[in-house]
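Listed below, chain by chain, are the residues.
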Amino acid sequence: MVEELVKSFFSIALELTVLFVGISFLINVLQGYIPYEKMEKMMERSHALVSALIALVFAFVTPFCSCSTIPVVVNLLNKKVRFGTVMIFLFASPVLDPTILTLMTATLGWKVAIVYTLLTSILSVAIGFSLEKLGFENQVKNVIMTGFKDPNKKLDWKGALLETLQLMKTVYPFLLIGAAIGAVIHGLVPTEWITTYMGTDDWWLVPIAAIIGIPLYIRLSTMIPISQVMILKGMALGPVMALMISSAGASLPELTLLNSIFRKKLVAAFIASVMLMSTLSGFLFYLI
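Novice: Honestly, the pattern of salt bridges in this entry has me stumped. Any pointers?
Specialist: Between side chains of opposite charge, pairing is possible as soon as their charged atoms come close. Applying the stated rule across the entire model yields 1 salt bridge. When the shortest N-O distance is used, the salt bridge between R82 and E132 registers 2.6 Å. A residue pair is termed long-range when its members are at least 10 positions apart, and R82 in the loop between α4 (70-78) and α5 (83-92) and E132 in helix α7 (residues 110-133) qualify at 50 residues.

Novice: Would you mind going over the environment of A106 with me for this structure?
Specialist: With respect to the helices and strands, A106 occurs in helix α6 (residues 98-108). Using a relative accessible area of 40% as the deciding quantity, one classes A106 as partly exposed. Spatially, the C-alpha atoms of A106 and Q228 are 10.0 Å apart, while their sequence positions differ by 122 residues.

Novice: What is the right way to read the packing of aromatic side chains from this model?
Specialist: Ring pairs (aromatic) are described by centroid distance and by the angle formed between their planes. As enumerated under the stated definition, the model contains 2 aromatic pairs in all. An angle of 25° between the planes, with centres 5.1 Å apart, marks the rings of F91 and F270 as stacked. Highlighted residues: F91 in helix α5 and F270 in helix α14 (residues 264-285), separated in sequence by 179 residues. Residue class for F91 comes out buried when judged on its relative accessible area of 2%. The exposure class of F270 is buried, given its relative accessible area of 2%.

Novice: Help me understand the packing of helix α12 (residues 237-249) against α14, please; the structure alone is not making it clear to me.
Specialist: Helix packing geometry: the angle between the two helix axes and the distance between the axes. For the pair α12 and α14, interaxial distance at closest approach is 7 Å and the crossing angle is 155°. With respect to α14, the axis of α12 lies roughly antiparallel. Pair α12 / α14 crosses with right-handed handedness. Judged by residue contacts, L237, G238, M241, A242, I245, S246 and G249 of α12 engage F270, V274, M277, S278, S281, G282 and F285 from α14. Here the contact of α12 with α14 is built from residues that sort into 8 nonpolar, 6 polar and no charged.

Novice: Would you mind going over the packing of α7 against α12 with me for this structure?
Specialist: Contact geometry of α7 with α12 gives a least axis separation of 13 Å together with a crossing angle of 55°. Judged by the inter-axis angle, α7 sits oblique to α12. Crossing handedness for the pair α7 and α12: right-handed. Residues V112, Y116 and T120 of α7 form the contact with α12, whose own contacting residues are L237, M241 and I245.

Novice: What is the right way to look at a nonpolar patch on the surface in this model?
Specialist: Judged by side-chain polarity, W203, W204, I208, I212 and F283 come together as a nonpolar surface patch covering roughly 510 Å² of accessible area. One can find W203 in the loop between α9 (191-197) and α10 (205-216).

Novice: Help me understand the confidence of the model for the protein chain in this model?
Specialist: As a note on interpretation, predicted positions should not be read in detail where pLDDT is low. Averaged over all residues, the pLDDT of the protein chain is 76; the fraction at 70 or higher stands at 70%. Of all helices and strands in the protein chain, the one with the weakest mean pLDDT is α9 (60), whereas α7 scores best (92).

Basis of the calculations
- The residue count restarts for each chain, going from 1 along the sequence in the order it is written.
- This being a predicted model, a pLDDT of at least 70 is required before a residue's local features are given, and a value of 80 or more before pairs of side-chain atoms are given or counted; all residues contribute to the totals for chains, interfaces and linings.
- With hydrogens and water stripped out, all remaining heavy atoms of the structure feed into the side-chain values.
- A pairing counts as a salt bridge when a side-chain nitrogen of Lys or Arg comes within 4 Å of a carboxyl oxygen of Asp or Glu.
- Only runs of H or I of at least four residues qualify as helices and only runs of E of at least two qualify as strands under DSSP, and these elements are numbered from the N terminus.
- Burial classification: accessible surface area is computed with a 1.4 Å probe over protein chains only, and a residue below 20% of its type maximum counts as buried, one above 50% as exposed, and the rest as partly exposed.
- We call Phe, Tyr and Trp rings a pair once their centres come within 6.5 Å, taking the six-membered ring for Trp, and we label the pair stacked below 30 degrees between planes, edge-to-face above 60, and tilted otherwise.
- Angles here are taken between N-to-C directions and fall from 0 to 180 degrees, while the axes themselves are lines fitted to C-alpha atoms, restricted in helices to the stretch in contact.
- For classification purposes, an angle smaller than 35 degrees is called roughly parallel, one larger than 145 roughly antiparallel, one from 65 to 115 roughly perpendicular, and anything else oblique.
- Note on convention: the crossing is left-handed when the near helix lies turned anticlockwise from the far helix by less than a right angle, right-handed when the turn is clockwise.
- Any two residues having at least one pair of non-hydrogen atoms within 4.5 Å are treated as being in contact.
- Under the scheme applied here, ten amino acids are nonpolar (Ala, Val, Leu, Ile, Met, Phe, Trp, Tyr, Cys and Pro), four are charged (Asp, Glu, Lys and Arg), and all others, including Gly, are polar.
- Patches draw on residues past 30% relative accessible area with no salt bridge. Two like charges within 9 Å are joined, as are two nonpolar side chains (Val, Leu, Ile, Met, Phe, Trp, Tyr) within 5 Å.
- Throughout, the Shrake-Rupley method with a 1.4 Å probe supplies accessible areas, and for residues the shown protein chains are the sole cover considered.
- The quantity called pLDDT is the predictor's confidence in a given residue, expressed from 0 to 100.

Encoded structure:
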């Protein structure tokens, strides 16, 4: 049994490590060639829909977790970028990560990755503009940010490697934790149990998974190997996706940071919006 668990762990961890390191290195090489300042100006001056599209692209090329997104949000707000556009970036950035989407494609399939990307993009735009329309812009505190890291600094191959290693220090432990949990689930949790209790189409599984995801603060890099095993065991795709999106889109550390720049009504609206995004996505994944 132990030998099987160890073998399963190394198999999952090795596959994800190769993908994670390769994609992360490539992204770090390309970071210095992405015109962030020009994109910020375009978001500020463009038509609403064009600005929304730029915000999604900006979210995709800035592979941040939910907490590290906050300084960028403050920077955009200080530059008077449209509130709805900034909210789109806030919701989209943690869930639209090129590295994570590559891992998702490799483990869960391209169909799941494409639907996931489309759903999170569309819902981010809808929620961002809805919050603006409802007048939540007046719930932003006056925050001045200092020491913002310039993402336009070009990296050579050595610099990109160092950045990748730095990222590995912060993110890779979570990936290994996910691989370990996935191995344990694969070896110890009976397939029949997951199929019976978690593999049904009961609607209440999706909102429960969305609620559980926020306080758990499970990174997507941790959730993907867990999700792969759970789905192979027979767990329904809807609750898995609801859990992934809610855990990536919001977390207790992020909410603490948001409380420093948003008033309570907007923080509450943010939590409700993440819940809505993850729940709707979960229900729609039942259709796949």
